[in-house]
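Here are the chains, one letter per residue:
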Amino acid sequence: MGYVNFSIACNRFSVRKMPQFSKYQVIEKIAECDLISSFVLAPTDGLEVPSFVAGQHLTVRIPEGLSRSYTISSSPSDRSKYRLTIKHEKGRDAEMPAGKVSTFMHDRVSVGSVLDIAGPYGAFHLDPTSDRPVVLLSGGVGITPMISMLHVLADTTRQVSFVHACDNGTLHAFHDEVGRLATTRPGISCYFIYRNPTAADLEDQRHHSSGLVTANQLRAFSAQDSDFYLCGPSGFMQMVHDGLTDAGVSHDRIRYESFGPATVLSPRSQAVQSKVTEALVVFEGSGLEVEWDDFSGSLLDFAEMNGVYAESACRSGSCNTCECSLLEGQVDYLIEPAAPLPAGRCLPCVAKPASVKVRLDI
Ligand SMILES: Cc1cc2nc3c(=O)[nH]c(=O)nc-3n(C[C@H](O)[C@H](O)[C@H](O)COP(=O)(O)OP(=O)(O)OC[C@H]3O[C@@H](n4cnc5c(N)ncnc54)[C@H](O)[C@@H]3O)c2cc1C
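Since this is a predicted model, take the numbers as computed values, not measurements.

This brings us to the nonpolar core. Counting residues in hydrophobic clusters, the biggest one holds 28 residues, and the most contacted among them are Leu-136, Met-146, Met-149, Leu-150, Phe-162, Val-178 and Tyr-229. Counting only elements with at least two residues in this core, the list comes to strand 7 (134-139), helix 3 (143-153), strand 8 (160-166), helix 4 (175-182), strand 9 (188-194) and strand 11 (227-231). Here the element with the most residues in this core is helix 3; it accounts for six residues. Built from parts of two domains, this core gets at least three residues from each of domain 1 (18-121) and domain 2 (134-260). The residues touching Leu-136, leaving out its near neighbours within four places in the chain, are Met-146, Met-149, Leu-150, Leu-153, Val-160, Ser-161, Phe-162, Val-163 and Tyr-229. By size, the runner-up hydrophobic cluster in this structure holds 25 residues, among which are Leu-299, Phe-302, Val-331 and Leu-360.

A few words on the sheet that holds strand 17 (residues 345-346). With mixed pairing, five strands are arranged side by side in an open sheet as 14-13-19-15-17. Lying at the two open borders of the sheet, with one neighbouring strand each, are strand 14 (288-293) and strand 17. Where strand 15 (residues 324-328) meets strand 19 (residues 357-360), two bridges bridge the pair, whose relative direction is antiparallel. When the bridges of strand 19 are listed, Leu-326 appears paired with Leu-360.

Pairing is antiparallel in the open sheet, where six strands are placed in the order 4-3-6-1-2-5. Single-partner strands in this sheet number two, and they are strand 4 (67-71) and strand 5 (82-87). Along the sheet, successive strands turn relative to each other by an average axial angle of 40 degrees, direction set aside. Taken strand by strand, helix 2 (residues 100-108) contacts strand 1 (22-33), strand 2 (36-43), strand 3 (57-61), strand 4, strand 5 and strand 6 (114-121), and its axis lies near 115 degrees from that of strand 5.

Our focus in this paragraph is the pattern of salt bridges. Applying the stated criterion across every chain, the model contains 16 salt bridges. The closest approach of N and O atoms between Asp-116 and Lys-23, which form a salt bridge, is 2.7 Å. With a gap of 93 residues between them, Asp-116 in strand 6 and Lys-23 in strand 1 connect regions that are remote in the sequence. Among the ionic contacts, a cluster of salt bridges with common partners joins Arg-132, Arg-158, Asp-225, Asp-227 and Arg-253.

Those residues of helix 4 lying buried are His-175, Glu-177, Val-178, Leu-181 and Ala-182. Contacts made by the buried residues of helix 4 are with strand 5, helix 3, strand 8 and strand 9.

The next thing to look at is the domain arrangement of the protein. Taken as a whole, the protein is organised into domain 1 (18-121), domain 2 (134-260) and domain 3 (278-360). Using only C-alpha atoms to locate each centre, domain 1 and domain 2 end up separated by 23 Å. If you look at the interface, domain 1 gives 19 residues, while domain 2 gives 16 residues. Between domain 1 and domain 2, roughly 1300 Å² of surface is buried when both sides are summed, and carbon and sulfur atoms account for 63% of that area. Considering only the side of domain 1, the residues that lose the most area to domain 2 are Ala-54, Thr-71 and Arg-83, jointly responsible for 28% of the buried surface there. There are one salt bridge connecting domain 1 and domain 2. In this structure, Arg-83 and Glu-177 form a salt bridge, with 3.0 Å as the shortest nitrogen-oxygen distance. There are three residue pairs in polar contact (both at pLDDT 80 or more) connecting domain 1 and domain 2.

Our next topic: the pairing of strand 2. In terms of burial, strand 2 is a largely internal element, eight of the eight residues being buried. Sheet topology note: the strand 1/strand 2 ladder contains eight bridges and is antiparallel. Residue pairing in the sheet places Glu-28 in a bridge with Val-40 of strand 2. Hairpin connection from strand 1 to strand 2: two residues lie between these consecutive antiparallel strands, with Leu-35 at a positive phi of about 70 degrees. By the bridge criterion, six bridges tie strand 2 to strand 5 in an arrangement that is antiparallel. When the sheet's bridge partners are listed, Phe-39 is paired in strand 5 with Leu-84.

Here the focus is the side chain of Ser-355. For Ser-355, the location among the structural elements is in the loop between strand 18 (351-353) and strand 19. Engagement of the side chain of Ser-355 in a polar contact is seen with the backbone nitrogen of Gln-330, the distance being 2.8 Å. Separated by 2.9 Å, the side chain of Ser-355 and the backbone oxygen of Lys-357 make a polar contact. Each residue touching Ser-355, except ones within four places of it in the same chain, is listed here: Val-276, Ala-279, Gly-329 and Gln-330.

Glancing now at the packing of helix 3 against helix 4. The interhelical angle for the contact between helix 3 and helix 4, taken along N-to-C directions, is 20 degrees, at an axis separation of 10 Å. On the basis of the axis angle, helix 3 is roughly parallel to helix 4. The hand of the helix 3/helix 4 crossing is left-handed. Judged by residue contacts, Ile-147, Leu-150 and His-151 of helix 3 engage Glu-177, Val-178 and Leu-181 from helix 4.

Quick look at the state of the cysteines now. Scanning the model with the defined rule gives zero disulfides in all. You can see Cys-190 has no disulfide; the closest cysteine sulfur is in Cys-166, sitting 12 Å from it. Cys-322 supplies the cysteine sulfur nearest to Cys-349, a cysteine that is in no disulfide, at a spacing of 3.8 Å. By relative accessible area, which is 4% here, Cys-349 ends up buried.

What counts and what doesn't
Residues numbered from 1 in each chain as written. Predicted model: local features only at pLDDT ≥ 70, side-chain atom pairs only at ≥ 80, totals over all residues. Heavy atoms only, no water. Core = buried A, V, L, I, M, F, W, Y, C linked by side-chain atoms within 4.5 Å. Buried < 20%, exposed > 50% of the residue type's maximum accessible area, 1.4 Å probe, protein only. Helix = DSSP H or I, 4+ residues; strand = E, 2+ residues; numbered from the N terminus. Domains from an automatic or database assignment. Contact = heavy atoms within 4.5 Å. Pairing = 2+ DSSP bridges. Axes fitted to C-alpha atoms, helices over the stretch in contact; angles between N-to-C directions. Salt bridge = Lys/Arg side-chain N within 4 Å of Asp/Glu carboxyl O. Buried area = accessible area lost by both parts, 1.4 Å probe. Polar contact = N/O pair within 3.5 Å; in protein donor to acceptor, adjacent residues only side chain to side chain. Parallel < 35°, antiparallel > 145°, perpendicular 65-115°, else oblique. Left-handed = near helix turned anticlockwise from the far one by under 90°. Disulfide = S-S within 2.5 Å.

Structure representation (structure tokens):
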């Protein structure tokens, strides 16, 4: 997968061991649209923020000890602050309760709050060696890496198409910021697709088309020899990925980031096959032995499914929060870890067993 090779080339941005948290103060909280707010963070020591490349994320740890990853939505050229943009996962009912960290951020964090932050991390960012046209395709809150990338691209001469899909104007973050950046120079176009536009959206012409992203639209964006960046809900990403490859785009021209559990997009969703389809997994620290099979997902998903708790954040092999000892056996990676791991260590969030017995120290 092109994305994996690319991440190896960019390891200098993410080589590290365990997360080192620093204190940041919230200096601004901005409601971007319904459910989505930005939090502007400045280091409490008054120094510059560590440098990052557009597309990378931070780990936020809340006082309860829970950590989650959030992509930096600001421009890397502003070293005075980071902006994180977070969707409130409100939940539906007892079966699907509200998300813990996003609820904390929306309900309990305000200007003046101090947060524990680690990072930046991640290998999802613009290929610095390419001068091809770029198509940035996002769905919902997946717009966060794309807006940061757009800030960078606005200062280049590359041709840029910014394509964003969301439900309607009430859930559309950065509508005006994207519009403003698109007018900074010729060669940047934006295209907004609303699934269920409101009467106000139709009247104000806030979007370019209604309904879902179509094969025809993807064919139009694929017409040139472009680099594609995708981020959004898993269904959106798989549909867009399949549409692009059907239109003749090579799989290794498509780079993507998932905000959910580690998934690998490949033509027609053929996920990476492990060498073994069944294995005995021993969670040594919890004194539990359980049978894993190919439907059990990553070792982190499998641990959680069996009531074994392991601290985690990015769930995509880039922050190392879940790093543990591989005491016995071998693993394959669904997504190659952003930084190489020492012998005997493992990232369960992106690992599957590759031997019939695997023993971890969690
Ligand atoms: C690299 C990366 C970058 C990211 N960047 C962003 C970003 O820029 N902006 C952003 O908003 N998010 C981003 N995310 C997602 C973010 O990290 C969190 O996953 C998200 O905010 C949800 O966390 P939570 O603690 O609120 O929800 P959790 O408590 O983890 O719950 C997750 C979801 O599961 C549901 N749920 C909870 N418990 C149950 C249950 N028992 N049964 C069924 N469903 C349940 C909740 O309703 C919620 O929708 C990113 C993720 C990654 C991996």
